[in-house]
Amino acid sequence: MNGYGGSILRVNLTTGKITRQPTPENVARDFIGGRGFGAYFLFTEVPAHADPLGPENKLIISTGPLSGLLIPGAGKCDFTTKSPLTGGYASASMGGLLTAEIKYAGLDSIILEGISDHPVYLYIEDDKAELRDAREFWGRGTIDVEKELKDRFGEEFQVAVIGPGGENLVPYASINHDYGRQAGRGGVGTVMGAKRVKAIVVHGTKSVPVADIAAYRQAGMALFKACKESEGLKPWQNYGTTIVTSWCDEVGALPTHNFSAGSFEGGAGLYGPVMRERIVITDKGCFGCPSPCGKYSHARSYDTRVEGPEYETIGMLGSNVGLSNIEDVARANYLCDDLGIDTISAGGCIAWAMECYEKGLLTPEDTNGLELKFGNEQAVFTLIRQIATRQGLGELLSQGVKRAAAKIGRGSEKFAIHVKGMEQSAYATHNATAMLLAYMTCDVGAHHNRSWAITYDLQVGRELVVPEKVARVIWLQNFRPMFDVLGACRLQWVELGIDRDLYVPALAAITGIHRTWEDLEKVGDRIWNLNRVYWFREIQDFGRQWDLPAQRFYEEPPKTGKTAGQITRREDVERLLDMYYEQRGWDSNGMPKPETLEKLGIADLVKA
Ligand code: SF4
């Protein structure tokens, strides 16, 4: 199949048996690759109600048809599993250089199943695939282990690795790669830890078949040329995602003190230009990227070198926990990376604990004397370590805010900022109804990257509750994740303003199949609906109430900042859901209707 590695690698960790199977053509036709493969294999292969940490759950690592080819940012890899954090669907995307090597080893997906009885790492070199003893690496940080594996096998090998967070089954553990890239959300690293797989080491030398080489070259060159000529290139390269920090602060979207406000008094210390000036050493990009947004930094007060922090980490481990010094945020970022936990969920849990402390719901007795005040950077560092090792208060916080609040009770559920059990990423949504809806309905929980609709709120009126806003959220949800299906980065389209139609001839030249964006959006819609049915299948009481946002966003207007006094009304939350379900073709409880599944060609798949 043109554009594909051609094989799926199945690794049974219980038996140690490793097999290669041809990539099914019908799955490539209907789900294309990447996130689409993940959704298909999760739905069809993992039995209903499987324990996320048990042998029946699978970790599915997939490339897309653009991965590893000369297309801007074609280095995206998808990790899909049943989430130990939410109990539903999880998919996390990671950049860097890993996906190209997987593809060059002739692979479209690697599926880890079963559980090993001792720590192992998976070694792949073209057709060779072996499980090797990893006892010497267990308990060690991701950075140290990645370096040692690269020293042992060579720089051409790429490494994905978990840290103590994954080993200790923290439900929001990450998988790390290239000393700073993460598949962060939903606990994909936890599942890898449960399977006792410390790392994947991969290198390939095979070529990827392409349908029309001349047309591929031409289409690829057109995309790179458009990137190079974009006016957005320079600012994006200078600041990466931190370009939005000051904007979020100004418009009241910067999460502050556990999302109690959207503007931060000390925000200026975290802005992109300040970070560039104070700590950035160099720019760092993923495979084939003409617009490297990664910022490699040196926080001199800690002598800490780290890739980042990027915007989400600045929001969640900066303003949201009251830190205004970018060096402190860089240090917190490094600790999360090395210990292998998601910076967004960690920041959300720590901010919630700080608010509990402020309100007297957690006392010095509970924290072992730790002063859990907003702005105490040492408390943040200590809690990150405790979470990853599940010690002290870290045991409670490692469970995520939903479970932690259920345990503490006494009203703390109201300011546990999550949807479906996943901590909300770094946009305060007190008065931004499209972004609020995007969080409410995101297929993994409160994550921003499927539908980054906050700019649309600002454009059309942030408090408006109208069908056009809902339609925009749905369009983004069907369209944006398609980049994770194709295996390329979306940010050249988002940030450099590259015409998305330039991808159409590239995809056609590579695969030999002409697909318009309309065709691709239909695939996006199919995946979205399949995932929605998956939630219903896995969780007995799943439905409308699972789509509600944190109470804070419709009950407690911020006291300060641009959005002071503003709030979305509860009745508008319900109206948003009504319109959303109707436009999606779902019933009033949020279940896709039979005719919707029929139209998308997945009615039989779902029935089976
Ligand atoms: Fe990677 Fe950033 Fe380039 Fe996207 S824009 S490919 S995330 S470096």
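Here goes a summary of the coordinates provided. (Residues numbered from 1 in each chain as written. Predicted model: local features only at pLDDT ≥ 70, side-chain atom pairs only at ≥ 80, totals over all residues. Heavy atoms only, no water.)

**Some words on the overall build of the chain**
Then comes step 1: For the chain, the count of helices and strands is 27 helices and 17 strands.
Then comes step 2: Reported as C-alpha extents along the three principal axes, the dimensions of the chain are approximately 60 × 55 × 50 Å.
Then comes step 3: Split into buried and exposed, the 608 residues of the chain put 65% on the buried side.
Then comes step 4: If you take every contact in the chain between residues at least 6 apart in sequence, the share linking residues at least 24 apart comes to 70%.
Then comes step 5: About 20400 Å² of surface is accessible on the chain, with carbon and sulfur atoms providing 49% of the total.
Then comes step 6: Distance between charge centres in the chain, computed from 66 positive and 76 negative side chains, equals 1 Å. (Helix = DSSP H or I, 4+ residues; strand = E, 2+ residues; numbered from the N terminus. Buried < 20%, exposed > 50% of the residue type's maximum accessible area, 1.4 Å probe, protein only. Contact = heavy atoms within 4.5 Å. Areas by Shrake-Rupley, 256 points an atom, 1.4 Å probe, with all protein chains shown as cover. Lys, Arg positive; Asp, Glu negative; His and termini not counted. Charge placed at Lys NZ, Arg CZ, Asp CG, Glu CD.)

**What about the sheet that holds strand β14 (residues 294–299)?**
Then comes step 1: In spatial order, the strands read β13-β14-β15; together these 3 strands make up an open sheet with antiparallel pairing. The sheet is open, and its two borders are formed by β13 (280–284) and β15 (304–307), each paired with just one other strand. The sheet shows a mean angle of 15 degrees between the axes of neighbouring strands, taken without regard to direction.
Then comes step 2: Where helix α12 (residues 326–339) meets the sheet, its contacts fall on β14 and β15, and the angle it forms with β15 comes to roughly 75 degrees. (Pairing = 2+ DSSP bridges. Axes fitted to C-alpha atoms, helices over the stretch in contact; angles between N-to-C directions.)

**Section: the packing of helix α17 (residues 433–441) against helix α25 (residues 570–584)**
Then comes step 1: Look at α17 against α25: their axes get within 11 Å of each other, and the N-to-C directions meet at 65 degrees. Viewed along their axes, α17 and α25 adopt a mutual orientation that is roughly perpendicular. α17 and α25 meet at a crossing whose hand is right-handed. Contacts between α17 and α25 involve Thr433, Leu436, Leu437, Met440 and Thr441 from the former and Val573, Leu576, Leu577 and Tyr580 from the latter.
Then comes step 2: For the contact of α17 with α25, the per-class residue count stands at 7 nonpolar, 2 polar and no charged. (Parallel < 35°, antiparallel > 145°, perpendicular 65-115°, else oblique. Left-handed = near helix turned anticlockwise from the far one by under 90°. Nonpolar A, V, L, I, M, F, W, Y, C, P; charged D, E, K, R; others polar.)

**Details of the pairing of strand β6 (residues 107–113)**
Then comes step 1: With 7 of 7 residues buried, β6 is to be regarded as a mostly interior element.
Then comes step 2: In terms of strand pairing, strand β1 (residues 7–12) meets β6 through 6 bridges, oriented parallel. When the bridges of β6 are listed, Arg10 appears paired with Ile111.
Then comes step 3: Pairing analysis gives 4 bridges linking strand β3 (residues 59–62) to β6, with the strands arranged antiparallel. If you follow Ser62 over to β6, its bridge partner there is Ser109.

**Digging into the packing of aromatic side chains**
Then comes step 1: This structure, assessed with the given rule, holds 27 aromatic pairs.
Then comes step 2: Ring geometry for Tyr4 and Phe37: centres 6.3 Å apart, planes at 20 degrees, overall stacked. Taken together, the positions of Tyr4 in the segment before β1 and Phe37 in helix α2 (residues 34–45) put the pair 33 residues apart, joining distant regions of the chain.
Then comes step 3: Assessed through its relative accessible area of 5%, Tyr4 is described here as buried.
Then comes step 4: Aromatic side chains Tyr580 and Trp586 sit 5.5 Å apart centroid to centroid with 80 degrees between the ring planes, which places their arrangement in the edge-to-face category.
Then comes step 5: Residue Tyr580 is classed as buried on the basis of its relative accessible area, which comes to 0%. (Phe/Tyr/Trp six-rings, centres within 6.5 Å; stacked < 30°, edge-to-face > 60°.)

**Focus: the nonpolar core**
Then comes step 1: In terms of nonpolar packing, the biggest core is built from 161 residues, with Ile71, Trp352, Leu372 and Ile384 touching the most fellow members.
Then comes step 2: The next biggest cluster of nonpolar side chains, apart from the first, holds 28 residues, and it includes Ile110, Leu112, Leu122 and Val191. (Core = buried A, V, L, I, M, F, W, Y, C linked by side-chain atoms within 4.5 Å.)

**Structural notes on unusual backbone geometry**
Then comes step 1: Gly308 connects to Pro309 through a cis peptide bond whose omega is -5 degrees.
Then comes step 2: With respect to the helices and strands, the residue Pro309 is situated in the loop between β15 and α11 (311–317).
Then comes step 3: The phi angle at Phe259 is positive, at roughly 60 degrees, despite the residue not being glycine.
Then comes step 4: Take Phe259: its relative accessible area is 1%, and that puts it in the buried class.
Then comes step 5: Phi angles above zero are rare outside glycine, and Lys420 is one such case at about 60 degrees.
Then comes step 6: Tracing the backbone through its elements, the reader meets Lys420 in the loop between β16 (418–419) and β17 (422–423).

**Some remarks on α2**
Then comes step 1: If you check α2, its first and last C-alpha atoms are 16 Å apart, about what 12 residues at 1.5 Å a residue would give, namely 16 Å.
Then comes step 2: The buried fraction of α2 amounts to 10 of the 12 residues, a majority that puts the element mostly inside the structure. (Expected span 1.5 Å × (residues − 1).)

**Digging into helix α19 (residues 467–479)**
Note that an α-helix has 3.6 residues per turn; residues three or four places apart therefore point the same way.
Then comes step 1: For α19, which comprises 13 residues, the first-to-last C-alpha distance of 18 Å matches the rise-based estimate of 18 Å (1.5 Å per residue) to within 8%.
Then comes step 2: Those residues of α19 lying buried are Lys469, Val470, Val473, Ile474, Leu476, Gln477, Asn478 and Phe479.
Then comes step 3: The secondary structure elements touched by the buried residues of α19 are α17, α18 (454–460), α20 (482–486), α21 (491–496), α23 (517–538) and α25.

**Observations concerning the pattern of salt bridges**
Then comes step 1: Inspection of the entire model under this criterion finds 48 salt bridges.
Then comes step 2: Glu574 is the salt-bridge partner of Arg544, the closest N and O atoms lying 2.9 Å from each other. Linking Arg544 in the loop between α23 and α24 (552–555) with Glu574 in helix α25, this pair joins segments that are 30 residues apart in sequence.
Then comes step 3: By relative accessible area, Glu574 is classed as partly exposed at 22%.
Then comes step 4: Several salt bridges converge on common partners, so that one network encompasses Glu136, Arg140, Asp144, Glu148 and Arg152. (Salt bridge = Lys/Arg side-chain N within 4 Å of Asp/Glu carboxyl O.)

**Some words on the side chain of Gln477**
Then comes step 1: Mapped onto the elements of the fold, Gln477 is located in helix α19.
Then comes step 2: Here the side chain of Gln477 touches Thr441 through a polar contact of 2.9 Å, side chain to side chain.
Then comes step 3: Side chain to side chain, Gln477 and Arg584 meet in a polar contact 2.9 Å long.
Then comes step 4: Excluding residues within four positions of it along the chain, Gln477 makes contact with Ala438, Thr441, Cys442, Arg450, Ser451, Trp528, Tyr580 and Arg584. (Polar contact = N/O pair within 3.5 Å; in protein donor to acceptor, adjacent residues only side chain to side chain.)

**Quick notes on the sheet that holds strand β10 (residues 175–177)**
Then comes step 1: One open sheet accounts for 6 strands, arranged β8-β7-β12-β9-β10-β11; its pairing is mixed. Here the strands that pair on one side only, and so sit at the sheet edges, are β8 (128–133) and β11 (181–183). On average, adjacent strands in this sheet sit at an angle of 20 degrees to one another, irrespective of strand direction.
Then comes step 2: Packing against the sheet, helix α4 (residues 142–153) makes contact with β7 (120–125), β8, β9 (158–161), β10 and β12 (197–203), and its axis sits at approximately 150 degrees to β9.

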